[in-house]
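# Results of the structural survey
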Amino acid sequence: MDVLLISGLWLNGTTAWNAVVPALVERGHRPVPLTLPGQGDGRSDATLAEQLAVVLAAVDAAAGKPLLVAHSAACSLGWMAVDARPGEVAGLVLVDGFPHGDGHPYADLFPVVDGVVPFPGWEPFAGPTSADLDAELRARFEAEAVPVPAGVALAPVRLADERRYGVPVTMLCAEAPPEQVRGWVAQGAAPEVSRMERVEYVDLDSGHWPMFTRPAELAALIDAVAERA
């Protein structure tokens, strides 16, 4: 199955999934890590609409219905792609993130500096979020981090087709166990998730960036979702 890998903030699609791609290939899949405009192509003026266009082009070019895998903030981008192609995708895997609803800014949590959102350092991610990243992985992350264009981070999420709620979704719960994530959803933390008709919660037990710290386990869980799709 074609597996489209969609990176979150500051991640370069070319390198972020390096350890996951061969594990998926070994399991018989065709992983496609996407380089999003403004995150690896040298552009600082890219827009969220352009990023969505890249994801949709990959969906349209896939052999059969692809499985989408979106990480962190890109959970909203993956959900926008599902909204645009509800009948053309096998499902969506959300890696440690919730998708925003229509009109919500894509990722407005960090300050904009000179038209981009630079990686803010590790202080905002202290605790379980980054606890499993050793010094070598942190240095690699910092060296490869790409400032995200404001035209991406501050743009509103746009959703229009309610058929998206019928697409199978798997939430990989990394920083918190599935029971806690379900509780957050029940309390209203993720309105889009609460309306999903076919959502599954799966424990990953890692920090926020399992593609770096637990790539084999992440690939195995993605494979299991693909087998059920």
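Because the structure is predicted, anything quoted here is derived from the model rather than measured.

## Topic: the sheet that holds strand β3 (residues 67–71)
Strand order across the open sheet formed by 6 strands is β2-β1-β3-β4-β7-β8, with parallel pairing between neighbours. Strands with a single pairing partner mark the edges of an open sheet, and in this sheet they are β2 (30–33) and β8 (199–203). Along the sheet, successive strands turn relative to each other by an average axial angle of 20 degrees, direction set aside. With 5 bridges joining them, β3 and strand β4 (residues 91–95) adopt parallel strand pairing. Along β4, the bridge assignment pairs His71 with Val95. Against the sheet, helix α7 (residues 178–186) contacts β7 (169–173) and β8, and its axis sits at roughly 140 degrees relative to β8.

## Some remarks on the packing of helix α3 (residues 48–61) against helix α4 (residues 74–84)
As a packed pair, α3 and α4 sit with axes 10 Å apart at the nearest point and diverge in direction by 60 degrees. Here α4 runs oblique to α3, going by the angle between their axes. Crossing angle aside, the handedness with which α3 passes α4 is right-handed. Contact with α3, carried on its side by Leu48, Gln51, Leu52, Val55 and Leu56, involves Leu77, Met80, Ala81 and Ala84 of α4 and no other residues of that element. For the contact of α3 with α4, the residue count by class is 8 nonpolar, 1 polar and no charged.

## Observations regarding the UniProt feature "domain: AB hydrolase-1" (unreviewed entry) in the protein
Within the UniProt annotation, "domain: AB hydrolase-1" (unreviewed entry) is assigned to residues 3–220. Secondary structure across residues 3–220 comprises 33% helix and 15% strand; the distance between its end C-alpha atoms is 13 Å.

Reading the values: rules and limits
- Residues numbered from 1 in each chain as written.
- Predicted model: local features only at pLDDT ≥ 70, side-chain atom pairs only at ≥ 80, totals over all residues.
- Heavy atoms only, no water.
- Pairing = 2+ DSSP bridges.
- Helix = DSSP H or I, 4+ residues; strand = E, 2+ residues; numbered from the N terminus.
- Axes fitted to C-alpha atoms, helices over the stretch in contact; angles between N-to-C directions.
- Contact = heavy atoms within 4.5 Å.
- Parallel < 35°, antiparallel > 145°, perpendicular 65-115°, else oblique.
- Left-handed = near helix turned anticlockwise from the far one by under 90°.
- Nonpolar A, V, L, I, M, F, W, Y, C, P; charged D, E, K, R; others polar.
- UniProt positions renumbered as here; feature names shortened; annotations may be inferred.

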